[in-house]
Amino acid sequence: MRHAPADPRTDRTLLVTGAAVAAAGTAARAEAVAVRGDRIVHVGTAEDARAALGGRADETLELDGGLVHPGFVDAHCHPVMYGQALAWVDCRPERVPDIDTLVAVLSEAARELPAGVPVRGFGYEHRRLAERRHPTCHDLDRIATDREVYVMNASGHGGVVNTHTLHACGITAGTPDPDGGSIGRFESGEPDGQLWDAACDRLTGPAGVKIGNHGPNFHLSEPDDIMADHLLRAQETFLAAGVTTVGDAQASRREMETYLRARESGALRMRVSAYLTSALLDVALDLGVVHGFGDDLFRVQGVKFYADGTLGGWTAYFPEGYAADCCHHGQLYHSAEEYAEIVRRAHAAGLQTATHAQSPFAIGMVLDAVEKAQADVPRADMRHRIEHCGLPTDEQITRMAGLGVVPVMQPQHHLRTGDGTLTAIGDLGHRYNPAGPCLPAGVPVVFSSDAPVAPPAPLEAVSAAATRRTVLGTVLGDASLRLPVADGLHAHTAAAARALHRERSVGSLTPGLLADFVVLDSDPLDADPSELASIGVRETWIGGSRAWAAPGR
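Scoring rules and cut-offs
Residues numbered from 1 in each chain as written. Predicted model: local features only at pLDDT ≥ 70, side-chain atom pairs only at ≥ 80, totals over all residues. Heavy atoms only, no water. Helix = DSSP H or I, 4+ residues; strand = E, 2+ residues; numbered from the N terminus. Buried < 20%, exposed > 50% of the residue type's maximum accessible area, 1.4 Å probe, protein only. Contact = heavy atoms within 4.5 Å. Areas by Shrake-Rupley, 256 points an atom, 1.4 Å probe, with all protein chains shown as cover. Lys, Arg positive; Asp, Glu negative; His and termini not counted. Charge placed at Lys NZ, Arg CZ, Asp CG, Glu CD. Phe/Tyr/Trp six-rings, centres within 6.5 Å; stacked < 30°, edge-to-face > 60°. Salt bridge = Lys/Arg side-chain N within 4 Å of Asp/Glu carboxyl O. Pairing = 2+ DSSP bridges. Axes fitted to C-alpha atoms, helices over the stretch in contact; angles between N-to-C directions. Parallel < 35°, antiparallel > 145°, perpendicular 65-115°, else oblique. Nonpolar A, V, L, I, M, F, W, Y, C, P; charged D, E, K, R; others polar. Core = buried A, V, L, I, M, F, W, Y, C linked by side-chain atoms within 4.5 Å. 1 Å grid on protein atoms, 1.4 Å probe; cavity = no way out; pocket = protein on both sides within 12 Å on 5 of 7 lines; lining within 4 Å. Points joined across faces, edges and corners; volume = space filled by probe spheres on them. Expected span 1.5 Å × (residues − 1). Arc of directions from axis to C-beta.

(A) Expanded view of the overall build of the protein. Across its full length, the protein holds 15 helices and 25 strands. When burial is assessed residue by residue, the protein has 59% of its 553 residues classed as buried. Across the protein, every contact between residues at least 6 apart in sequence was considered, and the portion connecting residues at least 24 apart equals 72%. Entry remark: accessible area of the protein is about 20,100 Å², with carbon and sulfur atoms responsible for 52%. One way to put it: in the protein the 48 positive side-chain charges average out to a point 4 Å from where the 70 negative ones average out.

(B) Here's a closer look at the packing of aromatic side chains. In this structure the tally under the stated criterion is 9 aromatic pairs. Here F305 and Y339 contribute two aromatic rings whose centre-to-centre distance is 6.1 Å and whose plane-to-plane angle is 90°, an arrangement assigned as edge-to-face. With a gap of 34 residues between them, F305 in strand 18 (residues 298-306) and Y339 in helix 9 (residues 336-349) connect regions that are remote in the sequence. Residue classification places F305 among the buried residues on the basis of a relative accessible area of 0%. According to the relative accessible area criterion, Y339 is buried, its value standing at 0%. Here F517 and W541 contribute two aromatic rings whose centre-to-centre distance is 5.5 Å and whose plane-to-plane angle is 10°, an arrangement assigned as stacked. Within this pair, whereas F517 is found in strand 23 (residues 517-520), its partner W541 is found in strand 24 (residues 537-542), the two being separated by 24 residues in sequence.

(C) View of the pattern of salt bridges. Taken as a whole, this structure holds 31 salt bridges when the rule is applied. Here D523 and R29 are joined by a salt bridge, their closest N and O atoms 2.9 Å apart. Highlighted residues: D523 in the loop between strand 23 and strand 24 and R29 in strand 3 (residues 29-30), separated in sequence by 494 residues. For R29, a relative accessible area of 29% gives the class partly exposed. Residues D394 and R431 are paired through a salt bridge, measuring 2.6 Å at the closest nitrogen-oxygen approach. Here D394, found in helix 11 (residues 394-403), pairs with R431, found in the loop between helix 12 (411-425) and strand 22 (446-447); they are 37 residues apart in sequence, far enough to count as distant. When its relative accessible area of 48% is taken as the criterion, D394 is described as partly exposed. Residue class for R431 comes out buried when judged on its relative accessible area of 18%.

(D) Just the sheet that holds strand 5 (residues 39-44), in detail. Sheet architecture is open: 4 strands sit in the order 5-4-1-6, paired in mixed fashion. Each of the sheet's edge strands pairs with one partner strand only, and the pair in question is strand 5 and strand 6 (59-62). Going across the sheet, the axis of each strand differs from the next one's by a mean of 15°, ignoring polarity. Pairing of strand 4 (residues 32-36) with strand 5 involves 5 bridges; the strand directions are antiparallel.

(E) A look at the packing of helix 2 (residues 79-87) against helix 6 (residues 224-240). Where helix 2 contacts helix 6, the axes come no closer than 7 Å and their chain directions differ by 95°. The angle between the axes of helix 2 and helix 6 places the two elements in the roughly perpendicular class. Here P79, V80, Y82, G83, Q84, L86 and A87 of helix 2 lie close against helix 6, whose contacting residues are M227, H230, L231, R233, A234, T237 and F238. Grouping the amino acids of the contact of helix 2 with helix 6 by side-chain chemistry returns 9 nonpolar, 4 polar and 1 charged.

(F) Looking closely at the nonpolar core. Counting 75 residues, the largest nonpolar core has F238, I386, M400, V445, F447 and L520 as its most contacted members. Per-element accounting of this core gives the leading share, 8 residues, to helix 10 (residues 360-376). Aside from chain neighbours lying at most four places away, what touches M400 is I363, L367, I386, C389, P392, V405, P407 and V443. The next biggest cluster of nonpolar side chains, apart from the first, holds 20 residues, and it includes I99, L129, L140 and V151.

(G) The sheet that holds strand 10 (residues 119-124), seen in detail. With mixed pairing, the 6 strands of this open sheet are ordered in space as 9-10-11-12-14-13. Only two strands of the sheet have a single partner each, and these edge strands are strand 9 (89-90) and strand 13 (181-185). For strand 11 (residues 149-153) and strand 12 (residues 158-161), the ladder comprises 3 bridges, and the chain directions are antiparallel. Its bridge partner being in strand 12, M152 is matched across the sheet by G159.

(H) Geometry of the layout of surface pockets. Its boundaries defined by the atoms lining it, the largest pocket holds a volume of some 540 Å³. E125, A154, S155, G312 and T417 are, among the 37 residues lining the largest pocket, the residues nearest its centre. Sort the elements by how many residues they give to the lining of the largest pocket and helix 12 lands first, with 7 residues. Here the lining of the largest pocket is built from residues that sort into 13 nonpolar, 17 polar and 7 charged.

(I) Geometry of helix 6. Spanning 17 residues, helix 6 covers 25 Å between terminal C-alpha atoms, matching the ideal 24 Å at 1.5 Å per step. All of the buried residues along helix 6 are M227, H230, L231, A234, Q235, F238 and L239. Buried residues along helix 6 cover an arc of 155° about the axis, so they all sit on one side. Against strand 8 (72-77), helix 2, strand 15 (243-251), helix 7 (253-265), strand 24 and strand 25 (545-549) lie the buried residues of helix 6.

This is the structure we're talking about:
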């Protein structure tokens, strides 16, 4: 392989040997990696790698087996939100099987907090609660009546608050649903505590981040030092999973300030590509923040839009109604015309767009808007993205190929919530995350976690795509919808890097690229697809420096 240019007199060198190496573009394994500075200069035999360093290795990483693999790229996640959720009370189904338990764990947390401090939890899934319903404000009133209590749904698109919070936010029976959001109500019309999507603007306070009908508002601000702790906590978890580069799929002022402070202090340990919330589109255009503004550590890559809502919260848009309730349709954040116009403006300026769309209707709306924008202002290789892209039809997948649109899926979603999706939308749910048909159609499918909706666990995602088996044992769809393990690994590395316009720096072990790699206990290609999640991460390296190591190493 060719050598990347470097100055051997000044650049530190690293030789990685003792384990198989996943060389780019082949299933065959190499013996060693040579690194100069922060870049890979050779992948091949140990002898050739040493020769590529001129026989000089300032540091040698001598491994005892395992696999050296490209660092995983998580193209759609919410790191600051994830760190915040990790600091909240854990309300996931594994810990909270029913509403009484939910109340109990939140009450225990409330007793340990100072008076007046909000009680917040994350991760409940109403269809996996024994009651098969959302908690209500009255349920949460059992926890506290003198302070905020908020438990966020696992979808991240909203949740439930207690009566105290409803009053503090000025929400009454007469409060209308905002554009792009909804307020849950009892049959009497009184608010029941549920706040979804744009209605969550109410929770951020008078001076907080507001995004209107541009997405769910999870941007609850805290003091700078607490926000820094959230990011540190999230980074530790991403690095422990072997993730070296992430795409923050909804950055507001809160996220930008947190990342920039971390970068300035040296606390930013992984590479971040930020997609600004579309509520900031005018600001981005006024400032000329286009074409990947930033560097290899932190950059603003594009803008995040929403077409419809979430399958988990039944806010994804189905004009014919849900199978479980034909009168329930979900919602669109924008009219088709309004959405097409904001996409046109971003595209014309050269901004990559990343649009949340789950239902076939919403996905079609995105494809129509991209097609029109491209016709008006032709631009090569924009790689406009569809986030989640849960239920595309075969015809829509073909359109994606023609338009160069990239679907960014999360197989861990169907792993955890596939059964609930079947309940909600019927047999169509068997098609949830159809990665299998994408590659034959020429569509470069990408995987990600959507953390905190699912934890960063790339091998779990690859396994979920290869087996399509849910946590309850249901197998979704037929074999044509599955994605082989090798292709799944590509979807979480090189393809994900390409979705971030970073393929010239990360995503594969290729000379000239940044030396971002992970050391795995064993080779995923040798494992049963259902057992991939059990493969451990030993070490994570970024730019030729160790960023994380398993305890005891």
